[in-house]
Amino acid sequence: MTLVTGARRPAKRVTRAGPGSRPLGGHGAWFLVLPALIPILVLSVGPLLYGILLAFTDAQSGRTASTQWIGTLNFQDLLHDTLFWQSFRIGLVWAVGVTVPQFLLALGLALLLNQELRLRWLARALAIIPWAMPEVVVGIMWRLVYNADAGVLNETLRDLGLGDGHDWLSGLTTALPAVIVVGVWAGMPQTTVALLAGLQNTPRELHEAAAMDGAGAWRRFRTVTWPALRPVALAITALNLIWNFNSFALVYVLTNGGPGGRTRLPMLFAYEEAFRYGQFGYAAAMGCVMVALISVLLAVFLVGRLRGGEER
Amino acid sequence: MRTSKSARIGQYAALLAYLAFLALPFLWLLSTAFKPPRELGSLHPTWVPRNPTLDNFRQAFDEQPLLHAALNSLLAAASAALVAVLLATPMAYVMARHRTLLGRAATGWVVVSQAFPFVLVIIPLFLVLKNLRLIDSVFGLVMVYVVWSLPFALWMLVGYVRAVPAELEEAAAVDGAGRLRTLVSVMAPLLAPGIVATALFAFVTAWNEFFFALVLLKTPEKQTLPVVLTHFIGAEGVADLGPLAAAAFLATLPSLVVFAIVQRRITGGLMAGAVKS
């Protein structure tokens, strides 16, 4: 810090420390950007564009040499593919089903952890577990919990006198809720940390002033906490919706899309089309539709939320 | 702020419920890993194994090439983290200090790249890597991981760069240091902790990654740990619970350790990036 104050010598020439004050100076800057830019273009942007092209071809694994341009045929097929729409619906239920409870729980927890409570350190330590665990391991772990005979869930229910052993992950009605619980568990820490950071940006004095004016806890939350938290909450919810919609590993390990396709998320469906049946073009078209629809949904969501905020 | 006693009790009850929700599945995994087959087969499983054993760990190593898989994972994750940070740091510096068209495009790409369904990228990548004969090679996987971890590496590093006052660089410039000299001798030491945190985060994400590894690696000897773990779950989903739990627990240890060390820096970095951009 002393260094900083000592550095303020040329009074006028030093522009604000903020970003964006200087133009991209000379060739030096390009030199700094290229090492990252080239791999991004070659391995990310390029494949993405290539993927969009593939969606208009009949590319299949094994005979990519004779790939033909077939226009929008893949998209027309998709339109009539009930299995795809089933998976799309399941993807939406899953994404919303994970994101909403997760947000509410994480919000509650963030509010708790923002208080002076004794077990805060333990909560922080434990939160590392879901965050750092490979998704495959999370799936395996919950398979052990849900296990029909040797699982702790059924054992607890037996002890409480509720039911005698249910195969949660292979029941037609229980499979999706069961995997949703796992999704909530796995993503809680990130959401909590994001919200906690948002909370810590709220000025404490505002709270105290509101409390002095006699505002109850709920009033304080609505008038002070929430307005400050809204941007973070909105961003993390939008991201969670996308991430969950595109998720793969967790459900692949838990149910592999079963039973009877009841948990077959869009990514699992696309994976099977591409790498089990070799339908590259068709799977690419599916990816395009997923991008398009998720963008539309998000736009609707964001516009709706922003407008909802202005009306207040 | 004053809180009534009953509200306090409610708060602690809620906190305990949350802690249980977080901890119990993991404790169950641990408990299963140390149980002998007889206890696993019994209809009334217990939280604490009555006759704890290490047999499951031995059996896990016998059944699947775990050690080999761990080495593959280590190689892939460490090289991906190293390369990603080497490439991202200079670009993050430019993005943080110069608001140019390029910088904005890069920020846009960071955000948009979070929305791709991987399948749209992996199919063309699969075809390209196949033509380059890089399917089934850890090297091909590393290339994918590098690009895949660049967005958040940039995101975090931009936050770290912005946290360093620009006056420091200007002071160095006034003292006659060139751009490169300033970067190496002024910025690099100040950024070092952030760079290490970013690299460790990239390491953990690559260590945990499953989808790309599943698609790109076919031969069992070349597969990474998460892919090999799924082999424990048989075709019918019937698994040998003990060894499965043991292997799963071992696979988690490295990321847990790394994450425990850098967790604060990571959340700090993610937030710095989020708040300031």
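Scroll up for the structure.
Please read these numbers as outputs of a predicted model, since none were measured by experiment.

Q: Run through the overall build of chain A, naming residues and quoting values.
A: Looking only at helices and strands, chain A features 13 helices and zero strands. Burial status across chain A gives 50% buried among its 312 residues. For chain A, restricting intrachain contacts to residue pairs at least 6 apart in sequence, the fraction spanning at least 24 positions comes to 65%. A total of about 15300 Å² of accessible surface is found on chain A, and carbon and sulfur atoms cover 63% of it.

Q: Residues and numbers for the packing of aromatic side chains, please.
A: Applying the stated criterion across every chain yields a total of 36 aromatic pairs over all chains. Residues Y252(A) and Y271(A) carry aromatic rings whose centres are separated by 6.1 Å and whose planes lie at 90 degrees to one another, so their mutual orientation is edge-to-face. Of this pair, Y252(A) sits in helix 11 (residues 249-254) while Y271(A) sits in helix 12 (residues 266-276), and the two are 19 residues apart along the sequence. Residue class for Y271(A) comes out buried when judged on its relative accessible area of 8%. By the ring-pair criterion, three or more aromatic residues cluster together here, those being F248(A), Y252(A), Y271(A), F275(A), F280(A), F118(B), F126(B), Y145(B), W148(B), F210(B), F211(B) and F212(B).

Q: Requested: an account of empty space enclosed by the protein, with residues and values cited.
A: Inspection of the entire model under this criterion finds one cavity of 30 Å³ or more. Each pocket or cavity is described by its volume, and for the largest cavity that value is around 30 Å³. Classifying every residue of the lining of the largest cavity gives five nonpolar, one polar and one charged.

Q: Explain the packing of helix 9 (residues 204-212) of chain A against helix 10 (residues 217-245) of chain A to me, using residue names and the numbers behind them.
A: Residues and elements named next belong to chain A. Contact geometry for helix 9 and helix 10: axes closest at 10 Å, N-to-C directions at 150 degrees. Here helix 10 runs roughly antiparallel to helix 9, going by the angle between their axes. Regarding helix 9 and helix 10, the two cross each other, and that crossing is right-handed. Contacts between helix 9 and helix 10 involve L206, H207, A210 and A211 from the first element and R220, V224 and T225 from the second. Taken together, the residues that form the contact of helix 9 with helix 10 break down as four nonpolar, two polar and one charged.

Q: Summarise the side chain of N72(B); cite the residues concerned and give the values.
A: All names here are of chain B. In this fold, N72 is placed in helix 4 (residues 66-97). There is a polar contact of 2.9 Å between the side chain of N72 and the backbone oxygen of Q223. In this view, N72 contacts V138, E221, K222, Q223 and T224; residues no more than four positions away in its chain are not counted.

Q: Can you explain the packing of helix 7 (residues 138-163) of chain B against helix 9 (residues 179-208) of chain B? Please cite residues and give values.
A: All names here are of chain B. Between helix 7 and helix 9, the least distance of the axes is 9 Å, while the angle of their chain directions is 145 degrees. Here the hand of the crossing between helix 7 and helix 9 comes out right-handed. In this structure, helix 7 uses Y145, W148, S149, F152, A153, M156, L157, Y160 and V161 to contact helix 9, whose residues at the interface are M187, L191, G194, I195, A197, T198, F201, A202, T205 and A206. Of the residues contributing to the contact of helix 7 with helix 9, the split by class is 15 nonpolar, four polar and no charged.

Q: Which residues make up the side chain of D136(B), and what values do they have?
A: Residue and element names in this part refer to chain B. Residue placement: D136 occurs in the loop between helix 6 (118-131) and helix 7. There is no salt bridge for the buried D136, and the closest opposite charge comes from K222, which lies 4.8 Å off by N-O distance. Within polar-contact distance, the side chain of D136 engages the backbone nitrogen of K218 at 2.7 Å. In contact with D136, not counting residues within four places along its chain, are L216, L217, K218, T219 and K222.

Q: So, the environment of A284(A): which residues are in play, and what are the values?
A: Note that A284(A) resides in helix 13 (residues 280-311). Its relative accessible area of 1% is what places A284(A) among the buried residues. Distance in space between the C-alpha atoms of A284(A) and I52(A) is 6.7 Å, their sequence separation being 232 residues. Setting aside residues no more than four positions away along its own chain, A284(A) makes contact with G51(A), L54(A), A55(A), L120(B) and I123(B).

Q: Give me the lowdown on helix 5 (residues 101-112) of chain B, citing residues and values where you can.
A: Residues and elements named next belong to chain B. Given a rise of 1.5 Å per residue, twelve residues ought to cover 16 Å, and the 16 Å separating the end C-alpha atoms of helix 5 matches this to within 8%. Turning to helix 5, its buried residues number three or more, namely G103, A106, W109 and V110. In a view along the axis of helix 5, the buried residues occupy a sector of 120 degrees, so they form one face of it. For helix 5, exposure combined with an orientation more than 90 degrees from the buried face picks out L101 and R104.

Q: Describe in detail the pattern of salt bridges, supporting the description with residues and values.
A: Residues and elements named next belong to chain B. Taken as a whole, this structure holds five salt bridges over all chains when the rule is applied. The residue R58 makes a salt bridge to D55 at a minimum N-O spacing of 3.1 Å. In this pair, R58 and D55 both sit in helix 3 (residues 55-63), three residues apart, roughly one turn of the helix.

Q: With reference to specific residues and values, describe the interface of chain A and chain B.
A: Of the residues lining the interface, 101 residues belong to chain A; the matching set on chain B comes to 93 residues. Buried area between chain A and chain B, both sides added, is near 9000 Å², and the carbon and sulfur share of it is 78%. Taken together, the links from chain A to chain B amount to zero salt bridges. For the side of chain A that touches chain B, the element with the most residues is helix 2 (residues 28-54) of chain A, which contributes 18 residues. In terms of residue class, the side of chain A that touches chain B is made up of 73 nonpolar, 16 polar and twelve charged.

Q: Give a detailed account of helix 10 of chain A, specifying residues and quantitative values.
A: Spanning 29 residues, helix 10 of chain A covers only 35 Å between terminal C-alpha atoms, well under the ideal 42 Å at 1.5 Å per step. The principal kink in helix 10 of chain A, of about 55 degrees, is found at W226(A), preceding the proline P227(A) by one to four residues.

Q: Which residues make up unusual backbone geometry, and what are the values?
A: Residue P259(A) is bonded to the preceding G258(A) through a cis peptide linkage, with omega at -10 degrees. You will see that N256(A), though not glycine, has its phi angle at about 50 degrees, which is positive. By the element assignment, N256(A) lies in the loop between helix 11 and helix 12. Note on N256(A): relative accessible area 34%, which makes it partly exposed. Of note in the backbone geometry, R133(B) takes a positive phi value of approximately 60 degrees without being a glycine. When you line up the elements, R133(B) lands in the loop between helix 6 and helix 7.

Q: So what's going on with a nonpolar patch on the surface? Which residues, and what values?
A: All names here are of chain A. A cluster of nonpolar residues, W30, L34, I38, L41 and V42, forms a patch on the protein surface that exposes about 470 Å² of accessible area. Along the chain, the position of I38 falls in helix 2. We classify I38 as partly exposed; its relative accessible area is 48%.

Cut-offs and rules
Residues numbered from 1 in each chain as written. Chains lettered and ligands numbered in written order. Predicted model: local features only at pLDDT ≥ 70, side-chain atom pairs only at ≥ 80, totals over all residues. Heavy atoms only, no water. Helix = DSSP H or I, 4+ residues; strand = E, 2+ residues; numbered from the N terminus. Buried < 20%, exposed > 50% of the residue type's maximum accessible area, 1.4 Å probe, protein only. Contact = heavy atoms within 4.5 Å. Areas by Shrake-Rupley, 256 points an atom, 1.4 Å probe, with all protein chains shown as cover. Phe/Tyr/Trp six-rings, centres within 6.5 Å; stacked < 30°, edge-to-face > 60°. 1 Å grid on protein atoms, 1.4 Å probe; cavity = no way out; pocket = protein on both sides within 12 Å on 5 of 7 lines; lining within 4 Å. Points joined across faces, edges and corners; volume = space filled by probe spheres on them. Nonpolar A, V, L, I, M, F, W, Y, C, P; charged D, E, K, R; others polar. Axes fitted to C-alpha atoms, helices over the stretch in contact; angles between N-to-C directions. Parallel < 35°, antiparallel > 145°, perpendicular 65-115°, else oblique. Left-handed = near helix turned anticlockwise from the far one by under 90°. Polar contact = N/O pair within 3.5 Å; in protein donor to acceptor, adjacent residues only side chain to side chain. Lys, Arg positive; Asp, Glu negative; His and termini not counted. Salt bridge = Lys/Arg side-chain N within 4 Å of Asp/Glu carboxyl O. Expected span 1.5 Å × (residues − 1). Arc of directions from axis to C-beta. Buried area = accessible area lost by both parts, 1.4 Å probe. Bend = angle between axes of the 7 residues up to and from the residue. Patch = residues over 30% accessible without salt bridge, like charges linked within 9 Å, V, L, I, M, F, W, Y side chains within 5 Å.

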